[in-house]
Structure formats: structure tokens, C-alpha cells
Amino acid sequence: MPTIECSFKDLKKLIGKPITYTELEKELILYVKGEIESKERDNLKIEVAETNRPDLWSTEGIAREIKCKLGLKYNNLLKCRKSGLTVKVHPNLKNIRPRTSCAVVKNVKLTNEILIQLIQLQEKICNTFGAKREQVAIGVYDYNKITGPIEYKAYPKTHKFIPLEFDKELTLSQILQKHPKGREYGKLLEKFDKYPLFIDSVGQVLSMPPIINSNHTGKVTLNTKNLFIECSGFDDRYLDVALDIMVLALHDRGGIVEGVNVDYGKVKKTTPFLEEKSISLNLDRFEKISGLRISQVEAMKLLKKSNFIAKAKGKNLVDVKFQNYRQDIMHQVDIMEDLLITYGYNNLPVEELNVLPTPYLRPVEKWSRKIAGLLAGTGGIEVMNYMLTNKEDLQKNVMHNGIEPIEISNPVSKNWNIFRTWLIPGLMHFLSKNIKQEYPQRIFEIGEVVLPDANTETKTSNPVSLAFLIASADADFTTAKQAMQHVFDYIGLKQKTVETKHDSFIPGRVGRITCSGKTLGYVGEINPEVLANFGMELPVVGFELNLTEIVEML
Amino acid sequence: MEKQQDIKNIIKKLHPLERRVLPALADCNTETLLEKTTSLKQVEVVRALQWLYNKRMVNLSEKITELVELDSNGIEFLKTGLPEKRFLQALSTEKKTFSQLLKVLSKEEINMAIGLLKSKAAITVRKEEELVFSITNQGKKILEKGFMEERFLQKLPLNKNELEPEDKFCFDNLLKRKKIVKTTIRKEKIAKLLPLGEQIIKVGISSRQVIDRLTPEIIKKDHYKGKEFRAYDVEINVPKIKGGKTHPYADFVFQARQKLVEMGFTETTGPIIETEFFNFDALYQPQNHPARNWTDTYAIKQPKYGRLPDKKTVQAVKNAHENGAGTGSTGWKYKWSETIAKQLMPRAHDTAITPRELSRKDLKIPGRYFTIVRCFRPDVIDATHAVEFNQLGGFVVGDNLNFAQLLGLLKDFAQNLTGAKEFKYFPDYFPFVEPGVQLSAKHPKFGWMELCGAGIGRPELSEPLGIKGPVLMWGFGIDRLAMLKLGISDIRDLFQTNIKTLRESKAVML
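Residues numbered from 1 in each chain as written. Chains lettered and ligands numbered in written order. Predicted model: local features only at pLDDT ≥ 70, side-chain atom pairs only at ≥ 80, totals over all residues. Heavy atoms only, no water.

Re the overall build of chain A
As a reminder of what qualifies: To qualify as a helix, a DSSP run of H or I must reach at least 4 residues; to qualify as a strand, a run of E must reach at least 2; elements of each kind are numbered from the N terminus. Computation of the radius of gyration draws on C-alpha atoms, with the globule rule given as 2.2 Å multiplied by the number of residues to the power 0.38. The buried label applies to any residue whose accessible area, calculated with a 1.4 Å probe on protein chains only, is under 20% of its type's maximum; exposed applies above 50%, and partly exposed to all values in between. Calculation of accessible area relied on Shrake-Rupley with a 1.4 Å probe; when residues are assessed, cover is drawn exclusively from the protein chains displayed. Two residue types count as positive, namely Lys and Arg, and two as negative, namely Asp and Glu; His and chain ends fall outside the count. The atoms used to mark charge sites are NZ of Lys, CZ of Arg, CG of Asp and CD of Glu.
Helix and strand content of chain A: 16 helices and 29 strands. By the compact-globule yardstick of 24 Å for 554 residues, chain A is too spread out, its C-alpha radius of gyration being 33 Å. For chain A, the spread of C-alpha atoms along the principal axes amounts to about 90 × 65 × 50 Å. Counting over 554 residues, chain A shows a buried share of 57%. When the accessible surface of chain A is summed, it comes to about 23700 Å², and 49% of that surface belongs to carbon and sulfur atoms. Once the 75 positive and 68 negative side-chain charges of chain A are each reduced to a mean point, those two points are 7 Å apart.

The following block contains the structure:
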């Protein structure tokens, strides 16, 4: 979830009404689903839970929301005039990065704070909403240094320009290798033989999206008066939203927003899009969902405070208007939430649940705890391991039970790259971590395992397994079978142990546990080769059972 | 001064050893003397003294003495006699040759005795074919009188600094000889009676026999009748029991299950390896869209694809994504892919189970449902993030449900799971609900904490699955609550790998 840094002073200035820090922290910040993470003098770090509302990821966005909630006047719908600038998009970008949405913002009185916010908003949108620049990359330029029209086109890798914060020209492929941003985002381009460039009519390179701006036109300072902004990517749905949010923030700072013609040849488009949308709010439905009855007038008042334009429609409907940047609104429930937030969650009616109780606990859970109690009574210490484990414990240590484990294709650690197929390897691992502790060690675990199973919807099944190990100088097959028999006697089932082979156990000292013709598990003495692999110097014996199968037999 | 009654109580608790040592302290004060007086073993005397000291009946100091003790040969000679004595005894009836003497003495002993006895003029030696020894009158006198060295050995151990002149002479002589005597440093406890000890002796420890350990014999034969039991010090620290234990975190998770059942919920579960369909699509999370990236997820190598539910459900979900499926929503407006939905992945959140249950033909409606399951995410591991963790979540389905009832349910959770009396609702965002709410509760012990996220399932989620009215959805970060309850600050310690910690674990009560 995005964390926004902002100046409290700046925030108050944008809201346009003096507020105290306590008011902000206890009440106002909740309107943006925010939480103040830290405050250092004037600097606030605000965590915004709305991962689906990039319009809130700046001081301007937070201030806009609070301003409306406080009932202060805000110009809800942004309009823009024309700049006359054209950006021609070349068809050779088709598979590389084919779309762009652009705008010009004039008369911006840039201050340090505005500049910091502009960069922060740009980064947050690109990283979170723009999937680390893949879906959306944003460039901001000094408009006065650009001579229109601008062309957006793919160029050979040998083309040169001076990238931001460099003092000499580099070829496009050099930028990918040498510039820090090139190394960070280069993977988005490197598979293509040409790279996209914005170039003005006198041949100046503006930028190579989604990597880096040029050091000349792409450098914005406190002296910059007029800005050119472009968003590049693949899908106008994201680009238009990103651009609308950028220009909206600058508009809140007093900038004048102007449209740009984006020319795709046959198709032309003017951006920023600033599309107006509307949804009908049904007050009966609202009451049904929220449990709150409000009048049409009250609803309109609350909607206005929620930064919507609301118009009464008939007796029970309200027509709600908003702009394209509120891309999160798809259904009237989205409007309802904003209305409820403005009303105040803690002022809402609280009712008893209108559904009769349906208490039920799965038998396997009940039996798991019963048996855990039984085994603890025999001196067993219960262990809980991760279900994710690693190939080494399973294979190198001769703990393979013949079942191919499900393997993770993008592990973050080699300690966790497969799902366990039985519990004994995890318990052996546990024993190996406690070699210096007091013996005997009697440990057990009850938990799910993951087995391939072609018959199920998910091609896997997750029976609950039960395993018990005893590490002791005098542990032998009898010790293990006694413990296993103890479990069966307790639950009232008869088992039969038959001779079998299993690499993890000593040949001739391992039995397959069966009941009514079904294999339920194994009991035996762990093979010394396995013990040596785990660094164990004491005999280890034990058993493992499929508890899910057992419970089904009861 | 203690009262008479108290003194009697104290006497009642005296251990049999204390009962014997304490009175003896009236006459003697060193370990050695006490050993002799009480006929107890040294360790018993020392234990009794230590206990008496703990009870402030005596003060203890330590005296270091150098003792003269028998060495290995000395112990032997004390039994068999000194070699020179045996030498003279052998000659007392008749003269003996060297080889004859070898039958009663070793060669070494003979050689040693010759020198010693000659210097005392106790024997004469003649050289014939071999050496022949005979006893002199002086020798006979010595034999009659006995050897003073032997008398000395019998007196050992003695304090080296307190030797009589004659003993000192013997000691010096014997020390020159092989392993007859040795000196050792001995630390000895010296006890001094304190007023309490003196008082007890004055009152007198009854010599009446008290029962110490109750044995089957005593019970069977009625030996306890009319007898007194020694009273024990009930405040004493005792050694710990080493027993088996269930895992505190497993106990916690089960208690959470029981709580939910007590609150009228039905337990459900779902597969660990899940289709993207239930993990995301059926929750109205768009494919290839930033909105689906709210969490990183694991992928698996094989098998790649699972099976989707019935065609009608799949089509309805597809429509919801593409055009809102007549729910009044715009939908995400893109081409939905069945192939992506079929992909298998480790379950990333407990909520994957909700659409699975909602789409079941035999789901009981109305009903309250919950699940506690392991979830998997490729997070960077630290004190608050694990790649594997438990989540508790669920849903309520039925007629006429609304947000007000959801708030009521959350209030019940706060009270039942934390005992909180104060709580607050915060607007929050979860990608599949609208409106979304978070409940923070003031835990009586741990203060304000985020407890539960909840909301009403979006219509694009519930309607395609055949559910008409609002579905109340909620979920807990149960690991956080567990960490607080178990007093753990690192999430990795929930899955403790140290057996000692588990052996010493405390009971958990949710």
C-alpha cells in the first residue's frame, strides 16, 4: 500500500482552512483510508490503504478529498482548453510501446514542495498503478524548450542523446547498460531491435520511454513555467487515468491545463481525456445494503461532500457525476462506500446478525486435537513446521517417499521450494536442530500435506497427516509400534502392520500400516544412513499415518 | 526470640538428620567430631549442617586443617603389621635365611627392614652360604613393647599442627618411607549455634520416632497410628517435571476454531494448490491488470492447469469481468481468458475459499461460514513477514444482510477474540468488497490493534456465483493476534524449532 510523504503546512494550505494535527490524525485522514505512519516536525508519512485510487497518492489528492469533506468549495469537474500541440505517433511502435496520452500545463508556479509532490506522484503511479513502468511510464518536460509538433517513434539503438544527469551523448543501447535507470528498467525494452523516442520538430530528443528523459528538455527546475507531460504504454484506460491525475494535481496548484492532439494517423484523439461519467444511485438499494435510511436531500449533500456532482432523479434516484480518474467506480456500491465514509462509519447503525447460527467443526480437526492430547500424554512435544520445505531435506537426506512433490517455480529462498508430501522429513529436520538438547526427544506433528492427485479439480489433494518420532538411545521398532498401537486403541480402530520396503527405514524393520485393505502409513526404525545425513547419533523410530483416511473410517 | 509454639512447629519440620545433628552441637562443633558423636556419614552431617544454616539455627564457618592420613601402604601395614615387625616376628622362634624370609616378606620389605632393625641393634646378620638373620635381646624387647610407629598409624587421621613430640617423630620417619602416610588439606565446617538453635535444644527434640517417608509397609501395617509425621517445608523449591505438551500455536489456532463455532459458524476449507479462478477471477480481480497485483503470488511448475467449475459459473464470471454481467456494473472491459483462470497456484489468501463455497450447489443458505488455513506468498522474510502464514476468514450469506449487521458482527468478533470493550471502525480498501471496513479494538492488555478487515462482497463477485443478496466477508490476521497472545515478536517464532522452548511453553487461552 502506498506511503505518501507530505508537508503538513502544504497540506493545510491546499485545504484552505486551518486544521489541527489531531483533527487530521483522528478524523480527516480516515477520509482517504489513510493512517499517519510518522510525523517529523512538518513532514508526514501517510499510508493510504486505497491501492485502487492513484488520485489520492499526493498532497494535492489528500487535500482535495479533505477539502470536499469539510464542505469547502472545490471545482469538481476539470475542463481544459487547447494548446495546439500535436504528438504524432509512428506505427513502428506497434509491438514496442504503441500508445501515449499527453498534456500541456501552463503558468505553473513551481516551488520545492510542488516539485517534490510532482515527482512522488509520478513515481507512485508508475510503480504501483503502472506495474513498475510496464503499463504506465510518465515523463514531465520543460515545454518552453520544445518546438512542436512532437513525434513519438521507434529509433535504431545507435541513435544518440544526453540522458538526464549525464553530460555527454550516449547511444540508446549504451543508456540501457550505463544509466542507472537503464539498468533498472532496461528489461522492458531489451527484447526489441528499436527503442521508442519522443523527438521534437528540430530533432531534440525529449526522452526514451519508459527509461529516461533527456538532460535538456527533460529537466524541470524551479524556473520552469510551462510543462509538457506524456504517459506511454499499451492501454489508454491506464494512460488516460494516469495523465488526468497528473494534470489534476497541477490544476489544484493553479496551473492551466491544455489539451494535446495525439495523432495515430487514421485515428486522432485529444488528451487529457477528462471524460465525465455518471451512475445512478438508488436510495432503496442503498438502504438495503447499508442499513441506513437517508433522504434524497441528505444523500445529495453527502455526495457533494464526497466530491461528486449529484442531481435528484425521480423520488429515489440520484444521478452521480464524476470524472475519468475515478476509475475505481464501476457500480453504484462504489458510490455508496464514499457516501458512508462521508457519513462516518462510527456514526452508522450497528445491528445484530440476521442469520441463525450454523455451528460445525470438521471431524478431522476435532480428532487432531484429541490425538495431540493423547500423544502429549505419552511425553510427546508437538511441533509445527512449514508446509513449504526444500528438495534437499526430501531427497539428499534419503527422505523420499516415492511421491513427486509440487515444486514452486518462483521461490524466494531455496529453503522453501517444494510442498511437503509427508511429515517425517520435517520432524527429522527438527531433531537435527536439537542435537544438543536433552534426550530422549519424543516429537509429533499433525498437519496437511500436498499430494499430486489427477482426480481432483486442482490436481492435488491435502490429507491431514500425523507423524511421531522418538529419538532415544533405547528406541527400537517396539517403541514405535507401541506408540502407533496406542493411537489406534484410543480411537477404536484395528490396524494390521505388514512387512514392506521403504528407503527411509531399516530393511526388515519397517511395516506398512493397513486397515480394511487401505494403506494408512508406515512404522519403523529410521535408516542410519538417513540419521547420518541429518547428523543424528541416536536411533530414531516412529510412524506416520493418514489421519484424513482414518477419520473417514470412524 | 521465637514463641514456644513456633519453636514446636519448627521442630516438627526437622529432618531426621537434623534431629540427630542439632542436639550434638551442644557438645561439639566440627564436622569430624559430629561424625563421631552422631555416627552419621560425613555427607549426612554436611547436609544437615547446611539445612540448619538455611534455617538460621547455626552459623557456619570453614576451618582449613592439614591432616596426616594413611597412604595406600599405610592402610595395608595397619592390617598386616609393619614390615620390620613382621621381620622380627619371623625371627622370634628361630634364625632365618634370606630365602626363608622371602616367604613372609617381599624382597623390598626385607631390604628396608634390615637397615632399620640393624640401626636399632635388633638383629644380627651372618654371612654363610647366604645371609642368616637372628634376633637380639634388644630385638626381643622391641617386639614385646610394640612399635610406636604402629601406634601412631592407628591414631590417624591427626591434625598435623597438633602432633605430640613422639607422634611428630614417627610422622617424620614414616614420611620418608614409601606411601605409608600423607598429608591432605581438609576443609571442615565449624558450626556455631545461633539463638534459634540454642532455643530448640533447650526445648528439646523429642526422641519419639516421627514418620519421615510414608511407605506401603507403614500403611499396610497401621504403623502410622498414634505416630507423628515429620512436617515438610511446603515452601520449598522443587525440581521441574518434564512432560509432553501440545504446541501453543496449534492450541491457539484450535481455540480460534472453537470460538468461531461457539459464535455459530460452520467450518469450511479448500485446497492448498488452488486455481487462479478461485484465487482471483471469481473474486472479480481482473487478469493482467494492476488491480490484481495487490499481492505477489507463488507459481508452481507442475501440474500447470486445474479444472474449472461448471460452464454456467465460468461464463457468469467471464461476463462479470467483460461487461458486468447485468449486475449494474461496467465490468473491467477486457477479454477474459479461461487459460489464465485455469492456472494452478499456491493459495495466496483465505478468501480463495469464499467463492469456492458460494458456488457450491449444496451450500446451506442462510449460513455463517469460516475457515483457518495456511496461505503462501513470496514475501521478503522478516520479523513480520513469512512466506507461509495462517489466515482466519469467512462469510455470512442470507436474506436481508447489510453493512449495519456486518459492523455488529465485527463488534462480536472484537469482544469474543480479544475481550475488547472499546473498538472503532475505519474505512479500508480490500479489492473484492465494497464498502470496505477495518475494525480496530482496544485489547485489555495490548492496546489498540487492527483486528479484522471486512466488507460486503462486490455484486460482480456474488451475483455471478448465484448469490442474490449481500454477502458479508471478513478476515483476520490471526498470526498477529497469536504473536501477541504467545508473547512472540518475530513471526518466524510461531513455528518454533527449539525443543527446549516448546518443552517450557506456557498455556494459551484465547
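After that view of the structure, there is still more to cover.
Concerning the overall build of chain B
Stated precisely, the cut-off is as follows: Here, two residues are considered to be in contact whenever any of their heavy atoms come within 4.5 Å of each other.
When helices and strands are tallied, chain B shows 22 helices and 17 strands. In terms of C-alpha radius of gyration, chain B reaches 46 Å, well past the compact-globule figure of 24 Å for 510 residues. Projected onto the principal axes, the alpha-carbon positions of chain B cover approximately 140 × 70 × 45 Å. Buried residues in chain B amount to 52% of all 510 residues. Across chain B, every contact between residues at least 6 apart in sequence was considered, and the portion connecting residues at least 24 apart equals 67%. Within the structure as shown, chain B displays about 25400 Å² of accessible surface, and the carbon and sulfur contribution to it stands at 51%. Between the averaged position of the 83 positive side-chain charges in chain B and that of its 63 negative side-chain charges there is a distance of 3 Å.

Observations regarding the domain arrangement of chain A
Our working definition: All domain edges in this entry derive from an automatic or database-based domain assignment.
Looking at the assigned domains, one finds that chain A contains domain 1 (3–69), domain 2 (81–271), domain 3 (276–345) and domain 4 (363–553). Centre-to-centre separation of domain 2 of chain A and domain 3 of chain A, based on C-alpha positions: 36 Å.

Section: the sheet that holds strand β2 (residues 96–97) of chain B
Residue and element names in this part refer to chain B. What counts, and what does not: Here, a strand pair is defined by DSSP locating no fewer than two bridges between the strands. The axes used here are C-alpha line fits, helices contributing only the stretch in contact, and every angle between their N-to-C directions lies in the interval 0 to 180 degrees.
One open sheet accounts for three strands, arranged β2-β4-β3; its pairing is antiparallel. Of all strands in the sheet, those bounded by a partner on one side alone are β2 and β3 (123–127). Examined bridge by bridge, β2 and strand β4 (residues 131–135) share two bridges and lie antiparallel to one another. Bridging across to β4, Thr97 finds its partner in Val132. Each of β2, β3 and β4 touches helix α6 (residues 83–91); the most contacted strand, β4, lies at about 90° to it.

Overview of the nonpolar core
Spelled out, the test is: Remark: nonpolar core denotes a set of buried residues (Ala, Val, Leu, Ile, Met, Phe, Trp, Tyr, Cys) joined through side-chain atoms within 4.5 Å.
In terms of nonpolar packing, the biggest core is built from 147 residues, with Leu24(A), Ile138(A), Phe419(A), Phe413(B) and Trp474(B) touching the most fellow members. Within the second largest apolar cluster, 37 residues are counted, among which are Tyr152(A), Ile199(A), Phe228(A) and Val262(A).

Some remarks on the side chain of His179(A)
Residue and element names in this part refer to chain A. For the record, the criterion: Under the rule applied, a polar contact is a pair of N or O atoms within 3.5 Å (in protein, one hydrogen donor and one hydrogen acceptor; residues adjacent in sequence only if both atoms are side-chain atoms).
As for its position among the elements, His179 is in the loop between α5 (172–178) and α6 (180–185). At 3.1 Å, the side chain of His179 and the backbone nitrogen of Lys181 are in polar contact. With residues up to four places along the chain from it excluded, the contact list for His179 reads Pro163, Leu164, Phe166, Gln174 and Ile212.

Comments concerning the confidence of the model for chain B
Formally: Per residue, pLDDT measures the predictor's confidence, with a range of 0 to 100.
Across chain B, pLDDT averages 89, with 99% of residues at or above 70. The least confident element of chain B is strand β7 (residues 210–211) of chain B, whose mean pLDDT is 82; the most confident is strand β9 (residues 266–267) of chain B, at 98.

Notes on the packing of helix α4 (residues 112–129) of chain A against helix α7 (residues 236–252) of chain A
All names here are of chain A. The criterion, for reference: In what follows, roughly perpendicular refers to angles from 65 to 115 degrees, roughly parallel to angles under 35, roughly antiparallel to angles over 145, and oblique to any angle outside these ranges. By convention, the crossing between two helices is left-handed when the near helix turns anticlockwise from the far helix through less than a right angle, and right-handed when the turn is clockwise. When residues are grouped by polarity, Ala, Val, Leu, Ile, Met, Phe, Trp, Tyr, Cys and Pro land in nonpolar, Asp, Glu, Lys and Arg in charged, and all others, Gly among them, in polar.
Two elements in contact, α4 and α7, have axes whose closest approach is 11 Å; the angle formed by their N-to-C orientations is 165°. As judged from the angle between their axes, α4 and α7 are roughly antiparallel. Handedness of the crossing formed by α4 with α7: right-handed. Along its contact with α4, which presents Leu118, Leu121, Gln122, Ile125 and Phe129, the element α7 presents Tyr238, Val241, Ala242, Ile245, Met246, Ala249 and Leu250. Grouping the amino acids of the contact of α4 with α7 by side-chain chemistry returns 11 nonpolar, one polar and no charged.

Describing the pattern of salt bridges
This is how the line gets drawn: The salt bridge criterion pairs a side-chain nitrogen of Lys or Arg with a carboxyl oxygen of Asp or Glu, the two atoms within 4 Å.
One pass over the structure, following the stated rule, counts 61 salt bridges over all chains. Taking the shortest distance from any N to any O, the salt bridge between Lys442(B) and Glu422(B) comes out at 3.8 Å. In this pair, Lys442(B) sits in strand β15 (residues 433–443) while Glu422(B) sits in strand β14 (residues 422–427), placing the two residues 20 residues apart along the sequence. Members of the salt-bridge network, linked through shared partners, are Arg53(A), Asp55(A), Glu65(A) and Lys69(A).

As for the packing of aromatic side chains
The test is simple: What counts as a ring pair is set by centres within 6.5 Å for rings of Phe, Tyr and Trp (its six-membered ring), and what kind of pair is set by the plane angle: stacked under 30 degrees, edge-to-face over 60, tilted for all other angles. Cation placement over rings: the criterion is NZ of Lys or CZ of Arg within 6 Å of the ring centroid and within 35° of the ring normal.
Scanning the entire structure with this criterion turns up 24 aromatic pairs over all chains. A centroid spacing of 6.5 Å and a plane angle of 45° characterise the contact between Phe98(B) and Phe133(B), whose relative ring orientation is tilted. Of this pair, Phe98(B) sits in helix α7 (residues 98–101) while Phe133(B) is found in strand β4, placing the two residues 35 residues apart along the sequence. Sitting over the ring of Tyr21(A), Lys39(A) keeps its end group 5.1 Å from the ring centre. The ring of Trp448(B) has Lys424(B) sitting right over it, with the charged end atom 5.7 Å from the ring centre.

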